[in-house]
Amino acid sequence: MTINILETEYTIMFKNDEEVCAAMNVQVGECGGYCSAAAKEIVIANLNTITDSETEKDAVKRDNIRHEIVHAFFNESGLSDNSNMVACWAKNEEMVDWIALQGPKTYKAWQEAGAL
C-alpha cells in the first residue's frame, strides 16, 4: 500500500519480525517497525514471533503504523534534520509516540468540535 506524506509517496509493507529487527540491528521482539526517509518506506513487523491473539497483534500493528507515519511526516517536513539545534527532538521516540498515541483522540476532538 502507498500513502501520501506531504506530497511524497511512502510504501507501507509488512515483513517478518526477524527481517525487521535485523534491519534495525536489534533482537527479535524489540522492534515494531521503521521508517526509511531515503527509501520512502515504512516497514512494519508482522509480529510472527509474538504469541498474542490476532486481535492484539492487529492493535499493535496499527499503533506501529501510526508511529512510523509520524516519523515520515517529520522526515518530509524537514523537522527530523532541522530541530533548531536541539538534540533532534523530532527523532525523539517519546515525542513520536505521544503524537502517534494521542492522534486518534485529537482527531476525534477536532471532529466533535467541527474543526476539520
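Residues numbered from 1 in each chain as written. Predicted model: local features only at pLDDT ≥ 70, side-chain atom pairs only at ≥ 80, totals over all residues. Heavy atoms only, no water.

Colleague: Outline the sheet that holds strand 4 (residues 41-45), supporting the account with residue identities and numerical values.
Modeller: Spatially, 4 strands are ordered 1-2-4-3 in an open sheet, and the strand pairing comes out mixed. For this open sheet the edge positions go to strand 1 (2-5) and strand 3 (33-36), each flanked by a neighbour on one side alone. Along the sheet, successive strands turn relative to each other by an average axial angle of 25°, direction set aside. Here strand 2 (residues 8-15) pairs with strand 4 via 5 bridges, running parallel. (Pairing = 2+ DSSP bridges. Helix = DSSP H or I, 4+ residues; strand = E, 2+ residues; numbered from the N terminus. Axes fitted to C-alpha atoms, helices over the stretch in contact; angles between N-to-C directions.)

Colleague: Which residues make up helix 2 (residues 54-77), and what values go with them?
Modeller: For helix 2, which comprises 24 residues, the first-to-last C-alpha distance of 34 Å matches the rise-based estimate of 34 Å (1.5 Å per residue) to within 8%. Restricting attention to buried positions, one finds in helix 2 the residues Lys57, Lys61, Asn64, Ile65, His67, Glu68, Val70, His71, Ala72 and Phe74. On its buried face, helix 2 is in contact with strand 1, strand 2, strand 3, strand 4 and helix 3 (93-113). Positioned one or two residues after helix 2, Gly78 has a phi angle of 90°, which is positive. (Expected span 1.5 Å × (residues − 1). Buried < 20%, exposed > 50% of the residue type's maximum accessible area, 1.4 Å probe, protein only. Contact = heavy atoms within 4.5 Å.)

Colleague: Just give me the short version of the state of the cysteines, but keep the residues and values in it.
Modeller: Overall, the coordinates contain 1 disulfide when judged by the stated rule. Each sulfur in the disulfide pair Cys21 and Cys31 lies 2.1 Å from the other. Sign of the S-S torsion, about -90° for the bond between Cys21 and Cys31, identifies this disulfide as left-handed. Of the two residues, Cys21 sits in helix 1 (residues 17-24) while Cys31 sits in the loop between helix 1 and strand 3, which places them 10 residues apart along the sequence. Taken as a pair, Cys21 and Cys31 share a single burial class, namely buried. (Disulfide = S-S within 2.5 Å.)

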